[in-house]
Amino acid sequence: MLTAAELTSSSPATATASPTELPASREGSAGAETHEGSAPAGKLVCRTHNCVDGTTELFLDWDGKVASGTLRTTAPSGMVYEKKVRAERYQGTIVVDEPSCTDLAEHAAMVVEQRGKLHMRVGAPGQAVSACE
């Protein structure tokens, strides 16, 4: 934490550092913050939006039956969080996991087709399922 005395006694370069120049230790716990408008690598598979969670986007780069990519969430506050993910197709469903996850019942997200439209659920079973835009 920076006090007023330290702020006035520090060099001008330190006092006017932009948020992008802050140490990596200040990044959000869910992942690195990014600037809105810069899309992660991969193809946009699904984008959902609701007033509680904000906007969630799934970007995947397929290599056969498996994919790697990014699950990006933009909170209503404007904070952007990204998680690296891997995905597989299983019986018409895209199952998305964090790379370190070994639990077969826990998934970062699932994308399913319902009534001809893709829908995504982010997080544990019981979470809201939102239609992809």
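Above this note sits the structure.
Every value quoted in this text rests on a predicted model; they were computed, and no experiment measured them.

Chemist: So, the overall build of the protein: which residues are in play, and what are the values?
Modeler: Helix and strand counts for the protein stand at two helices and eight strands. What you see in the protein, going N to C, is helices and strands ordered as α-α-β-β-β-β-β-β-β-β. When burial is assessed residue by residue, the protein has 28% of its 133 residues classed as buried. Carbon and sulfur atoms make up 54% of the accessible area of the protein, which amounts to about 9000 Å² in all.

Chemist: If you had to explain the nonpolar core to someone new, which residues and values would you point to?
Modeler: Inside soluble globular proteins, nonpolar side chains tend to come together where they are buried. Among the nonpolar cores identified, the biggest contains 14 residues, and Leu58, Leu60, Val85, Val96 and Met120 are the most heavily contacted of them. Broken down by secondary-structure element, the contributors of at least two residues to this core are β2 (54–63), β3 (66–74), β4 (80–90), β5 (93–97) and β6 (109–114).

Chemist: Account for the pattern of salt bridges, with residues named and values stated.
Modeler: Enumeration according to the criterion identifies four salt bridges in this entry. Two residues, Glu57 and Arg47, come together in a salt bridge whose shortest N-O distance is 2.8 Å. Within this pair, whereas Glu57 is found in strand β2, its partner Arg47 is found in strand β1 (residues 43–50), the two being separated by 10 residues in sequence. Taking relative accessible area as the criterion, Glu57 reaches 7% and is therefore assigned buried.

Chemist: Describe the pairing of β4, with residues and values.
Modeler: Taken together, the nine bridges between β3 and β4 define a ladder with antiparallel strand orientation. By the bridge assignment for β4, Thr73 is matched with Tyr81. Counting the residues that bridge the hairpin from β3 to β4 gives five residues, and of these Gly78 lies at a positive phi of roughly 105 degrees. Both β4 and β5 contribute to a ladder of five bridges, which runs antiparallel. Among the inter-strand pairings, Arg89 is bridged to a residue of β5, identified as Ile94.

Conventions and cut-offs
- Residues numbered from 1 in each chain as written.
- Predicted model: local features only at pLDDT ≥ 70, side-chain atom pairs only at ≥ 80, totals over all residues.
- Heavy atoms only, no water.
- Helix = DSSP H or I, 4+ residues; strand = E, 2+ residues; numbered from the N terminus.
- Buried < 20%, exposed > 50% of the residue type's maximum accessible area, 1.4 Å probe, protein only.
- Areas by Shrake-Rupley, 256 points an atom, 1.4 Å probe, with all protein chains shown as cover.
- Core = buried A, V, L, I, M, F, W, Y, C linked by side-chain atoms within 4.5 Å.
- Salt bridge = Lys/Arg side-chain N within 4 Å of Asp/Glu carboxyl O.
- Pairing = 2+ DSSP bridges.

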